[in-house]
Structures are given as C-alpha cells and as structure tokens.
Amino acid sequence: MKDTLTIALPKGKLYDEAIDLLAEAGLSTYGLKEDSRKLMFHHEAERLKYIICRPTDIPTFVEYGAADIGVVGKDTIVEQDKDIMELVDLKFGFCRFVVALPEEAARGRDLSQFNHRRVATKFPEVADAFFREKGMQVEIIKLHGNIELAPMVGLADMIVDIVSTGRTLRENNLVAVEEIFNATARLVANRVSYRLKHQRIQPLVEKVRQLVKDKEVRY
Ligand SMILES: Nc1ncnc2c1ncn2[C@@H]1O[C@H](COP(=O)(O)OP(=O)(O)OP(=O)(O)O)[C@@H](O)[C@H]1O
Ligand SMILES: O=P(O)(O)OC[C@H]1O[C@H](OP(=O)(O)OP(=O)(O)O)[C@H](O)[C@@H]1O
C-alpha cells in the first residue's frame, strides 16, 4: 500500500465541503456522500483510501500516519498542538473563538471582573492560554459539547467556545465579550508521508491552493 494515499475526512460540519473540494481538485470521491455507516472507502484503481473520523480525532490519525493527509478545523489544530503539517487554509468552516458570558452578568462589566471564576469549554488549552495571557486565574471545566448549557445551570460563570452564526449564543442568552481568534478548515499532512508521498501530495496541494486562492473568508 506504499503508494496508496490515505485521506482522513471529518464526519460532521466540514464533511460535505471537504469532499466537494477534493472532487474539484480531481480526486475520485464516489460513494462518500451516500448514506452509509462505512468508515473506510477504498478506491483501488485510483490508489486512494478515505477514512471517516470524528473531527477531533483527525490530528491523531494523521500524526501517527494512519492517514497521510486530512481535513480539520484550525481550532482543533491549535487546541491539540499535534506534530502534523498544516498545508492549506481551505477557507470554509469559518468560526470564531470567543469568551461568552450570560447577558445579565455581562451588563456593565468587563471580563477582568470575572477573575477566579469557572469557565466551561471543549478547548481547555485555548482557554488556558487566553486567560494566562490576560493575567487572569480561572478554573477550567472541560466538556465535550453543548457548552452553552454550563452557565445556565451554574456549572460555570462563562464559556470559551466557537461561534459561527451566533445563533446558539443568542438562543441561550449569552453574549460574546472577547474574541480569541478565527478558524477555518485546514489541509494537514503527516510529516513522513509528506516526504515519502510528495509526488502524490504536492500536486494535490497545488491544485487545492489554486482552487481556494481567490475565495474570501467570511467570518
Ligand atoms: N457552527 C459552526 N459553523 C461552522 N463551522 C463550525 C461550527 N462548529 C464547528 N465548526 C468547525 O467544524 C469543525 C467540526 O465541527 P463538528 O461540529 O462537525 O464536530 P465536533 O462535534 O466539534 O467534533 P467531535 O465530534 O470530534 O467532538 C470544528 O472543529 C470547527 O472547525
Ligand atoms: O454560532 P452558531 O452557528 O450557532 O454555531 C456555534 C455552535 O456550533 C458548535 O457546536 P456544535 O453544533 O458543533 O455542537 P457541540 O456543542 O455539541 O460541539 C459550537 O460549539 C457552538 O455551540
């Protein structure tokens, strides 16, 4: 399988756009969008293999070389800081990292008044770096999803989470008070694969770069 290229695709929000982009770049992607529970698709004639991963597991599959390349959000890359190569900003999957507070609590106050409080997040490393930089000491509570719930039930005073349309914050009476950084989907590669399979990876990278070059990022 030395010359088969294995691509890790994130199930979920980035899935369809990742497949559309790879198809546009000339890769065969048949079967990937069919309603199925299959986790691996082997396109033998094209020497391509796709594995379908949980988005947060993509850096692990790529770091260990179980996949040669993959698509993953910048938010996940920063949080996990795995030893992988980031090759292209794909300019979809736009979202912003924010600190958000309950509307009531935010009124007339700024973030510095929330020192020593509790923060719920799926991204403890991002949150920790942000509050350290601010010189604030907070207790970070790691959750795996539905972070917006935490302030409503008294589990935390504030959250660090990603926001796209802002709808989830609004519908849960939260307001963003600080922006941390913006994120989009990235094409990433395993370091060894990038060298050994350069002849397959590099033309794909060039093609993808060309395709997204003039695309505007909408945050
Ligand atoms: N509301 C959103 N709008 C646009 N992009 C988003 C949004 N939420 C997340 N993303 C981007 O899509 C990526 C995958 O998000 P998705 O919700 O599909 O998976 P997840 O639930 O975060 O992953 P896991 O199941 O592994 O915990 C995120 O890492 C981020 O880069
Ligand atoms: O600004 P919006 O467009 O409303 O999107 C933001 C929401 O999207 C993400 O959650 P996701 O849907 O991935 O669910 P999760 O909380 O289970 O991770 C994020 O954690 C927010 O909750």
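On a predicted model such as this, the values are computed, not experimentally measured, just so you know.

## Some points on the overall build of the protein
Then step 1. What the protein contains, in helices and strands, is nine helices and eleven strands.
Then step 2. Summarising its shape, the C-alpha atoms of the protein cover approximately 60 × 35 × 30 Å along the three principal directions.
Then step 3. Taken over 219 residues, the protein has a buried fraction of 45%.
Then step 4. Long-range contacts, defined here as pairs at least 24 residues apart, represent 68% of the contacts in the protein between residues at least 6 apart.
Then step 5. A total of about 12,100 Å² of accessible surface is found on the protein, and carbon and sulfur atoms cover 46% of it.
Then step 6. Distance between charge centroids for the protein: 3 Å, based on 33 positive and 34 negative side chains.

## Some words on the domain arrangement of the protein
Then step 1. What the domain assignment lists for the protein is domain 1 (5–93 + 184–212) and domain 2 (95–182).
Then step 2. Between the C-alpha centres of domain 1 and domain 2 the distance comes to 30 Å.
Then step 3. On the side of domain 2, eight residues touch domain 1, which itself brings four residues to the contact.
Then step 4. Summed over both partners, the interface of domain 1 with domain 2 buries about 630 Å², with 61% contributed by carbon and sulfur atoms.
Then step 5. Contact with domain 2 buries area across many residues of domain 1, yet Asp75, Val78 and Glu79 alone supply 72% of it, more than any other trio.
Then step 6. Where domain 1 touches domain 2, the interface holds zero salt bridges.

## Re the site of ligand 2
Then step 1. Among the 13 residues in the neighbourhood of ligand 2, the closest are listed as Lys13, Glu148, Thr165, Gly166 and Thr168.
Then step 2. Asn146 places a main-chain nitrogen or oxygen 2.8 Å from an oxygen atom of ligand 2.
Then step 3. Gly166 is positioned with one of its backbone polar atoms (N or O) 2.8 Å from an oxygen atom of ligand 2.
Then step 4. For ligand 2, whose free accessible area comes to 490 Å², the fraction covered by protein is 73%.
Then step 5. For the shell around ligand 2, the secondary structure elements donating two or more residues are strand 9 (158–163) and helix 7 (167–171).

## Considering the pairing of strand 8 (residues 139–142)
Then step 1. Judged from the four bridges that link them, strand 7 (residues 118–121) and strand 8 form a sheet pairing that is parallel. Its bridge partner being in strand 8, Val119 is matched across the sheet by Ile140.
Then step 2. Taken together, strand 7, helix 5 (residues 124–133) and strand 8 form a β-α-β motif whose crossover is right-handed.

## As for the site of ligand 1
Then step 1. Neighbouring ligand 1 are 15 residues; Lys13, Arg54, Thr56, Asp75 and Lys122 lie closest to it.
Then step 2. In this structure, an oxygen atom belonging to ligand 1 sits 2.8 Å away from a side-chain N or O atom of Arg54.
Then step 3. Between Asp75 and ligand 1, the recorded distance is 2.5 Å, taken from a side-chain N or O atom to an oxygen atom.
Then step 4. Coverage of ligand 1 by the protein chains reaches 79% of its 620 Å² of free accessible surface.

## Considerations on a nonpolar patch on the surface
Then step 1. Taken together, the side chains of Leu149, Met152, Val153 and Leu155 define a hydrophobic patch exposed on the protein surface, amounting to about 370 Å² of accessible area.
Then step 2. Relative to the helices and strands, Val153 resides in the loop between helix 6 (149–152) and strand 9.

## Thoughts on the UniProt feature "domain: ATP phosphoribosyltransferase catalytic" (unreviewed entry) in the protein
Then step 1. Cross-referencing UniProt, the feature "domain: ATP phosphoribosyltransferase catalytic" (unreviewed entry) maps to residues 54–209 in the present numbering.
Then step 2. Helix makes up 35% of residues 54–209 and strand 30%, and the two end C-alpha atoms of the span are 25 Å apart.

## Overview of the side chain of Asp161
Then step 1. Structurally, the position occupied by Asp161 is in strand 9.
Then step 2. Summary of buried charges: Asp161 has no salt-bridge partner, and the nearest side chain of opposite charge, Lys122, is 6.6 Å away.
Then step 3. Once residues within four sequence positions are removed from consideration, Asp161 is found in contact with Arg96, Phe97, Val98, Phe123, Ile147 and Glu148.

## A few points about helix 1 (residues 15–24)
Then step 1. When we look at burial in helix 1, the residues that qualify are Tyr15, Ala18, Ile19, Leu21 and Leu22. Taken end-on, helix 1 shows its buried residues confined to a sector of 165°, consistent with a single buried face.
Then step 2. Buried residues belonging to helix 1 abut strand 1 (5–10), strand 3 (48–53), strand 4 (69–73) and helix 9 (198–212).
Then step 3. Positive phi appears at Gly26, one or two residues downstream of helix 1, with a value of about 105°.

Conventions used here
Residues numbered from 1 in each chain as written. Chains lettered and ligands numbered in written order. Predicted model: local features only at pLDDT ≥ 70, side-chain atom pairs only at ≥ 80, totals over all residues. Heavy atoms only, no water. Helix = DSSP H or I, 4+ residues; strand = E, 2+ residues; numbered from the N terminus. Buried < 20%, exposed > 50% of the residue type's maximum accessible area, 1.4 Å probe, protein only. Contact = heavy atoms within 4.5 Å. Areas by Shrake-Rupley, 256 points an atom, 1.4 Å probe, with all protein chains shown as cover. Lys, Arg positive; Asp, Glu negative; His and termini not counted. Charge placed at Lys NZ, Arg CZ, Asp CG, Glu CD. Domains from an automatic or database assignment. Buried area = accessible area lost by both parts, 1.4 Å probe. Salt bridge = Lys/Arg side-chain N within 4 Å of Asp/Glu carboxyl O. Near = heavy atom within 4 Å. Polar contact = N/O pair within 3.5 Å; in protein donor to acceptor, adjacent residues only side chain to side chain. Pairing = 2+ DSSP bridges. Right-handed = clockwise from strand over helix to strand, strands pointing away. Patch = residues over 30% accessible without salt bridge, like charges linked within 9 Å, V, L, I, M, F, W, Y side chains within 5 Å. UniProt positions renumbered as here; feature names shortened; annotations may be inferred. Arc of directions from axis to C-beta.

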